[in-house]
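# Commentary on secondary and tertiary structure
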2 protein chains.
Amino acid sequence: MSESTLQAFLGRYPQWASKPGPLSEVILSSRVRLARNLEAVPFPTMGTPDQMKGVAQRIQQACQFVPRLKESDFLPVADLEPHELDFLLERRLISRDLAMGKRHSAVVVEFGEELSLMVNEEDHLRLQGVVSGFRLGEALDLVSEVDDELEGHVGFAFSESFGYLTACPTNVGTGMRASVLAHLPALSITGEARKVIQGAAALGLAVRGFYGEGTEIMGNFVQISNQTTLGIEENEIVVSLSEKVQKIIDAEAAAREKMWTTAKVQLEDKVYRAQALLQSARSLKSKEVLSLTSAVRFGLALELPDLCSAEVLNEILVFSQSGHVRQWAGRELNREEKREFRATIVRARLHEAGWANGSGSKGWAQGN
Amino acid sequence: MSESTLQAFLGRYPQWASKPGPLSEVILSSRVRLARNLEAVPFPTMGTPDQMKGVAQRIQQACQFVPRLKESDFLPVADLEPHELDFLLERRLISRDLAMGKRHSAVVVEFGEELSLMVNEEDHLRLQGVVSGFRLGEALDLVSEVDDELEGHVGFAFSESFGYLTACPTNVGTGMRASVLAHLPALSITGEARKVIQGAAALGLAVRGFYGEGTEIMGNFVQISNQTTLGIEENEIVVSLSEKVQKIIDAEAAAREKMWTTAKVQLEDKVYRAQALLQSARSLKSKEVLSLTSAVRFGLALELPDLCSAEVLNEILVFSQSGHVRQWAGRELNREEKREFRATIVRARLHEAGWANGSGSKGWAQGN
C-alpha cells in the first residue's frame, strides 16, 4: 500500500480513545467481535489460496452495500510492510495472527475506527466494534447491525443446533467475544488484583494483557472477556459480562478509597509527578509512558483537579507506541531517536490539549 | 528570643541568594571572613564567662557605630532554641561551633544578610561578608570597611611581626578566609571532579561540602577556599583564589561542552524533568531538592531556554532545608509532613516567580 494511506491514520484519533465514554477513567473501551464464515467454503487454515482470494473479493464487494463500511479502507495484508502491520496492531485493528497470515488476508477499517473487519484471519470474517468507556451494549448494537447487513449479501455458515460455525470450537454458537480494557491500579498496588482475576476466571471470564491473548499485563491495564459462546444469546453475554465487570469496578473503587485515606499525599505526589514528566520529558521509554499515564489516570479516578482528560491519556497511549512513533517519524529510528520522538509526540499532544508545561508556554511566564 | 524575630527571616531572601551575580550558574556566592580578637582579653576557649560576657557587650556597643550594622539583629545564642540555631546554620549565618557554644556567643545579622558577625565563636569576632556570584573582591571590600570601623571602637589583638592574632594558628596573619560556593555537575558526572579537587589542594586550596568544614559534598556543590593566611596581603589572597577558581570554572565549562556534544538529548531530558518535578511534586526529600536544583542549574549553564533563574534555585535551596521547613510550618513536623511542606514551599516559590506548572495555573489551560 502507499505510505499516504497509513499516514492518514496518524492525523486522526480513534473514536474509542478520543470520545468521552462512561467510566472511562477505569474502562478505556468496550469491544465486541463476531466470528463468521462464508457458507460452503473451507475455513482459512484449510482452504486453497484461490478459495481465500475468492472470500476476500466477496467480502470486499459486500462491504459496498454496508453504509458504515462503504467509504472504508480495504487493506490487503500482502501490501503492507512489517512496520505498517505493527502500526495497525498497535491501533488494535488487526491481530498478530492476521499480521502473520499470508492467505489473502485483509483488514477493513471504518474512518472513526469504531468498526473494523479482519478478512481471512482464523475465520473468514472477524467483525469488531469498539467504543470508548463502559458500554458493551452499544458495541454489540454496532456489530449486530453490520452483521445483519453483510449476511444479506453473503451467506454465513450456520447450524440450527449449534449456531454460527467457526474454525475454533470455542467460538461456535454466537461466534462472539465481548471484552473491556480496564485500568486497575488500586487493585494492582494493594495486591488484590490477583484475587480479583482468579475470581473472574472462576466466573467464566478471561483476563489478559493490553493487546489480548498471550500479552503481558502492563501499566495496570487488563482486558477482561467472556469465555462462553455456545448456548447463550448475544445480549445475555453482554449483560452477564457487564455485571461481572461492574463488580470489578466496585472492587477497584473500594481499593482506591482505602489507599486514599491512608496515603493521600503519596498518591497526589505520584499523580502530579507523572503528569509533569509527560509534559516535560525529552526522552521516554514505552513502558514509562504506560506507567506515567496509568498514574495520571489513577488521579482522574481519585477526582484530583488539574489533570488532563482520560481521552488525552488514551490518545497518548496509542500514539506513543513504537510503530506509531516510527510511522510519525517517517523512517526507521534507533533506540535513542525513538525515545526522543516519543517524548515529542507526548508533549505535543498535551500542548495541543492545553496541558503544556508552564515553563514551555510562550507569553505566559516570566522566569526572572 | 521571640519567635517573631526569626519569623522575619522567613519573609525575606538573603541577598547572596537573590541578587543576580556574575557567573551565578556556576558560582553561587563569594564569601570572605575575618577572624579578630580584642586586645588583652583571653580567646573564647580560655576566658572566663564574665570576660566573654564583656566581649559580647563591647562588640554589641561597637556595632552601634557601624552604619551597616546599626539596625542589625543581635541574637544571643543562649536565647535561641535548637531548631532556631538549625535555621541560622542553614542560612549560613552561624557555624556549628557557635551553635554548640555556651560562652556568651551571639550573632549579628545585617538585614540583607550580606554581612554578619559571630561573637565568641573560636575567636571573639568572626566577620563575614557574602555576596552573590563570583566576586570575591566585593566580599573583601564589604568586610574590610566594617573591620576598619569596628577597629576604631575596639582595639584588635595585632602583632607587628605576625599580623592579627587568632585562637587557631592557621588563621594568624590576615585572619582571613575567602571562599566560593561552586556548582560543578559536569566535572562530577565525568568523574574529573576528584582530579580537579586534588589539583586545587596541591595549589593550596581547601575543598569542602556545602556547609563548610566536615560536611559532605552533595548535589555537586563544593566550597573552595584559601588555606594560607600568613605572610600574604588580603588582596593577594583574593586575586590568587579568583585565578584558581577561574581555572576550575573553565574546566567545568570544558567538561560541559564535551557532555553536551555527546549526550544532548539525555541532558535536556534530565534538566526539564528536574524542573517539572520541582514544579509538581507533593512530597520532596531534602536530597532530592539538592539534586533537582543541581540539574536545573546545569541547564542554565548549558543556556537551555525556559528555565527558572539561578536566583530562584538559590532561594529554593535555602528555604527547602529542614530547619526552614520547620520554621515555616511553625511547629515540629514528622518526616512525611516535612516532605510535604518542603514540596509546598518549592512549588510556591516557583509559582511566585512565574514558574508554576501549567497544569496548576488558573485561567490558563483547559484540560478537557
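Residues numbered from 1 in each chain as written. Chains lettered and ligands numbered in written order. Predicted model: local features only at pLDDT ≥ 70, side-chain atom pairs only at ≥ 80, totals over all residues. Heavy atoms only, no water.

## Quick look at the nonpolar core
What counts, and what does not: In these notes, a set of buried Ala, Val, Leu, Ile, Met, Phe, Trp, Tyr and Cys residues joined through side-chain atoms within 4.5 Å is what counts as a nonpolar core. For every residue, the accessible area obtained with a 1.4 Å probe (protein chains only) is divided by the maximum for its type, and the residue is called buried under 20%, exposed over 50%, and partly exposed between those limits. In what follows, a contact means two residues having at least one pair of non-hydrogen atoms within 4.5 Å.
In this structure, Val 32, Leu 117 and Ile 224 of chain A together with Leu 117 and Ile 224 of chain B are the most contacted members of the largest nonpolar core, which totals 160 residues. Leave out the neighbours within four places in its chain, and Val 32 of chain A touches Leu 127, Gln 128, Gly 129, Leu 136, Ala 139, Leu 140, Val 143, Met 176, Arg 177 and Ala 178 of chain A.

## What about the pattern of salt bridges?
Going by this rule: A pairing counts as a salt bridge when a side-chain nitrogen of Lys or Arg comes within 4 Å of a carboxyl oxygen of Asp or Glu.
Under the definition given, this model contains 38 salt bridges over all chains. Between Glu 122 of chain A and Arg 126 of chain A there is a salt bridge, with the nearest N and O atoms lying 3.2 Å from each other. Glu 122 of chain A gets classed as partly exposed once you look at its relative accessible area, which sits at 27%. When the shortest N-O distance is used, the salt bridge between Arg 349 of chain B and Glu 352 of chain B registers 3.0 Å.

## Some remarks on the environment of Leu 278 of chain B
Residue and element names in this part refer to chain B. The test is simple: Where helices and strands are cited, they refer to DSSP runs of H or I of at least four residues and of E of at least two residues respectively, numbered from the N terminus.
Inspection of the secondary structure puts Leu 278 in helix 10 (residues 264-280). Given a relative accessible area of 1%, Leu 278 falls into the buried group. Leu 278 sits 68 residues away from Val 346 along the chain, and the two C-alpha atoms are 6.5 Å apart. Residues in contact with Leu 278, not counting those within four places in the same chain, are Leu 292, Thr 293, Val 296, Val 346, Arg 347 and Leu 350.

## Side note on the packing of helix 10 of chain B against helix 14 (residues 335-352) of chain B
All names here are of chain B. Our working definition: Every angle, taken between N-to-C directions, lies between 0 and 180 degrees, and every axis is a line fitted to C-alpha atoms, over only the stretch in contact when it is a helix. Orientation labels follow simple angle bins: below 35 degrees gives roughly parallel, above 145 gives roughly antiparallel, 65 to 115 gives roughly perpendicular, and whatever is left gives oblique. Throughout, the ten residues Ala, Val, Leu, Ile, Met, Phe, Trp, Tyr, Cys and Pro are labelled nonpolar, Asp, Glu, Lys and Arg are labelled charged, and all others, Gly among them, are labelled polar.
For the pair helix 10 and helix 14, interaxial distance at closest approach is 7 Å and the crossing angle is 105°. As the angle between them shows, helix 10 and helix 14 are arranged roughly perpendicular. Facing Leu 278, Gln 279 and Ser 280 of helix 10, the residues of helix 14 in contact are Val 346, Arg 347 and Leu 350. Looking at side-chain class alone, the contact of helix 10 with helix 14 contains three nonpolar, two polar and one charged residues.

## Focus on helix 14 of chain B
Residue and element names in this part refer to chain B. The test is simple: Expected span of a helix: the number of residues minus one, times 1.5 Å. In this description, one arc is meant: the one made by directions from the helix axis to the C-beta atoms.
For helix 14, built from 18 residues, the straight-helix expectation of 26 Å at 1.5 Å per residue is met to within 8% by its first-to-last C-alpha distance of 26 Å. When we look at burial in helix 14, the residues that qualify are Arg 339, Arg 342, Ala 343, Ile 345, Val 346, Arg 349 and Leu 350. Down the axis of helix 14, the buried set is contained in an arc of 160°. They therefore lie on one face. Buried residues in helix 14 make contact with helix 10, helix 11 (286-301), helix 12 (310-319) and helix 13 (322-329).

## So, the domain arrangement of chain A
Residues and elements named next belong to chain A. Put simply, the test is: Where each domain begins and ends follows an automated or database-derived domain assignment. Summed over both partners, the accessible area (1.4 Å probe) lost when two parts come together is defined as the buried area. Distance and chemistry together define a polar contact, namely a pair of N or O atoms within 3.5 Å, with one atom able to donate a hydrogen and the other to accept it when in protein, and with adjacent residues in sequence counting only for side-chain atoms on both sides.
Taken domain by domain, chain A consists of domain 1 (3-257) and domain 2 (264-352). Area buried by domain 1 at its contact with domain 2 is led by Tyr 13, Glu 90 and Arg 256, which between them contribute 23% of it. Seen at the junction of domain 1 and domain 2, the total is zero salt bridges. Applying the counting rule to domain 1 against domain 2 returns 15 residue pairs in polar contact (both at pLDDT 80 or more). Looking at the side of domain 1 that touches domain 2, the elements with two or more residues in it are helix 1 (3-10), helix 2 (15-18), helix 4 (82-90), helix 7 (185-190) and helix 9 (234-262). Residue composition of the side of domain 1 that touches domain 2, by class: 17 nonpolar, eight polar and ten charged.

## Section: the environment of Arg 326 of chain A
Residue and element names in this part refer to chain A. Locating Arg 326 in the fold gives a position in helix 13 (residues 322-329). Judged by relative accessible area, Arg 326 falls into the buried class, the value being 11%. Sequence separation of Arg 326 and Tyr 272 is 54 residues, and the distance between their C-alpha atoms is 29 Å. With residues up to four places along the chain from it excluded, the contact list for Arg 326 reads His 83, Arg 331, Glu 332 and Leu 333.

## Overview of the packing of aromatic side chains
The cut-off we apply is this: Planes of paired rings set the category: under 30 degrees apart is stacked, over 60 is edge-to-face and the rest tilted, where pairs are Phe, Tyr or Trp rings (Trp by its six-membered ring) whose centres lie within 6.5 Å. A ring has a charge above it when a Lys NZ or an Arg CZ is no more than 6 Å from the ring centre and no more than 35 degrees off the ring normal.
Taken as a whole and judged by the stated rule, the model has nine aromatic pairs over all chains. With a centroid separation of 6.5 Å and an interplanar angle of 75°, the aromatic rings of Phe 156 of chain A and Tyr 164 of chain A are classed as edge-to-face. Residue Phe 156 of chain A is classed as buried on the basis of its relative accessible area of 3%. Geometrically, the ring pair formed by Trp 328 of chain A and Phe 341 of chain A is edge-to-face, given 5.7 Å between the ring centres and 70° between the ring planes. Remark: Phe 341 of chain A occurs in helix 14 (residues 335-352) and Trp 328 of chain A occurs in helix 13; sequence separation between them is 13 residues. With a relative accessible area of 23%, Phe 341 of chain A lands in the partly exposed category. Joined through ring pairs, the aromatic side chains of Phe 156, Phe 158 and Tyr 164 of chain A make up one cluster. Above the face of the Trp 16 of chain B ring, Arg 92 of chain B is positioned so that its terminal group lies 4.4 Å from the ring centre.

## Section: unusual backbone geometry
With the exception of glycine, the majority of residues adopt a negative phi angle, and the majority of peptide bonds are in the trans configuration. Look at Asp 306 of chain A: it is not a glycine, yet its phi comes out positive at around 60°. Topologically, Asp 306 of chain A is positioned in the loop between helix 11 (286-301) and helix 12 (310-319). Here the phi dihedral of Leu 23 of chain B falls at roughly 55°; this positive angle occurs in a residue that is not glycine. Within the secondary structure, Leu 23 of chain B is located in the loop between helix 2 (15-18) and strand 1 (27-36).

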